[in-house]
Amino acid sequence: MTTEKLNIGIILGSTREGRVSPQVGEWVKGIADKRGDANYEIVDITDYNLPFLGTTDGTEPGIAAWNEKLASLDGFVFIVQEYNHSISGALKNAIDFAREAWYNKAAGIVSYGSTGGARAAEHLRGILGEVKVADVRAHPTLSLFTDFEEMSKFNPQELHLDNVNAMLDETIAWSGALKTLR
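Calculation rules
Residues numbered from 1 in each chain as written. Predicted model: local features only at pLDDT ≥ 70, side-chain atom pairs only at ≥ 80, totals over all residues. Heavy atoms only, no water. Phe/Tyr/Trp six-rings, centres within 6.5 Å; stacked < 30°, edge-to-face > 60°. Helix = DSSP H or I, 4+ residues; strand = E, 2+ residues; numbered from the N terminus. Buried < 20%, exposed > 50% of the residue type's maximum accessible area, 1.4 Å probe, protein only. Core = buried A, V, L, I, M, F, W, Y, C linked by side-chain atoms within 4.5 Å. Contact = heavy atoms within 4.5 Å. Pairing = 2+ DSSP bridges.

A. Here's a closer look at the packing of aromatic side chains. Overall, the coordinates contain 8 aromatic pairs when judged by the stated rule. Summarising the aromatic geometry, the rings of tryptophan 27 and phenylalanine 154 are spaced 5.2 Å apart at their centres and angled 75° between planes, so their arrangement reads as edge-to-face. Highlighted residues: tryptophan 27 in helix H1 (residues 21-35) and phenylalanine 154 in strand S8 (residues 153-154), separated in sequence by 127 residues. Like tryptophan 27, the residue phenylalanine 154 is buried in the burial classification. Ring centres of phenylalanine 76 and tryptophan 102 lie 4.9 Å apart, and the angle between their planes is 65°; on these two criteria the pair is classed as edge-to-face.

B. Quick look at the nonpolar core. Ile11, Trp66, Phe78, Trp102 and Leu124 are the most contacted members of the largest nonpolar core, which totals 29 residues. When residues of this core are traced back to their parent elements, those giving at least two are helix H2 (61-71), strand S3 (75-81), helix H3 (89-96), strand S4 (105-113) and helix H4 (118-130). Considering every element that reaches this core, the biggest residue donor is H4, with 5 residues. Those residues within four positions of phenylalanine 78 in sequence are excluded, and the remaining contacts are Ile11, Leu91, Ile95, Trp102, Ala107, Gly108, Ile109, Val110, Leu124 and Leu128.

C. Quick look at the pairing of strand S2 (residues 38-44). Examined bridge by bridge, strand S1 (residues 6-12) and S2 share 7 bridges and lie parallel to one another. Considered in S2, the bridge of leucine 12 is made with aspartate 44.

D. Region of the structure containing the environment of serine 143. Inspection of the secondary structure puts serine 143 in strand S6 (residues 141-143). Separated by 21 residues in the primary sequence, serine 143 and glutamate 122 place their C-alpha atoms 16 Å from one another. With near-sequence residues (within four places) excluded, serine 143 lies in contact with Gly113, Ser114, Gly116 and Phe148.

Everything listed here is a matter of coordinates, which is why it stays silent on function.
Okay, structure coming up:
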């Protein structure tokens, strides 16, 4: 049994101007880093300049870099905002730009929106199943009405700390177990 720490990517699921996913991602990373049980890093899909799937020949350097980044990770925490009852088009596109790099890994989900982003998280679960990512049950849901000031400045309620830690516990356990399959 290896004692090497797992590498967990905290994936920001939005590319919109004025997005709040970086605030939520940094909050999750701050909680995660205090645990010391894995190497956590923010993975921002905007850094990869991914084109729309199927609109190019697929040779853009961002596509290869995206796949390399995903392949280097043992698991994921998705920061997911709800847009029209689902995930953002940018996140769906980013997921579709990889295949094998997702296989046999685990993911936690932190969602936000008017209903805590629950509908987006449920859509994401179905997508992750198709790319062989096991999503964990514990799921922090953040409300635009109670966890954000003026729907733009993130100010989470203290009660979410237990949910984030439970999600991270499950993500680490499953990521470690699934690493044995790769």
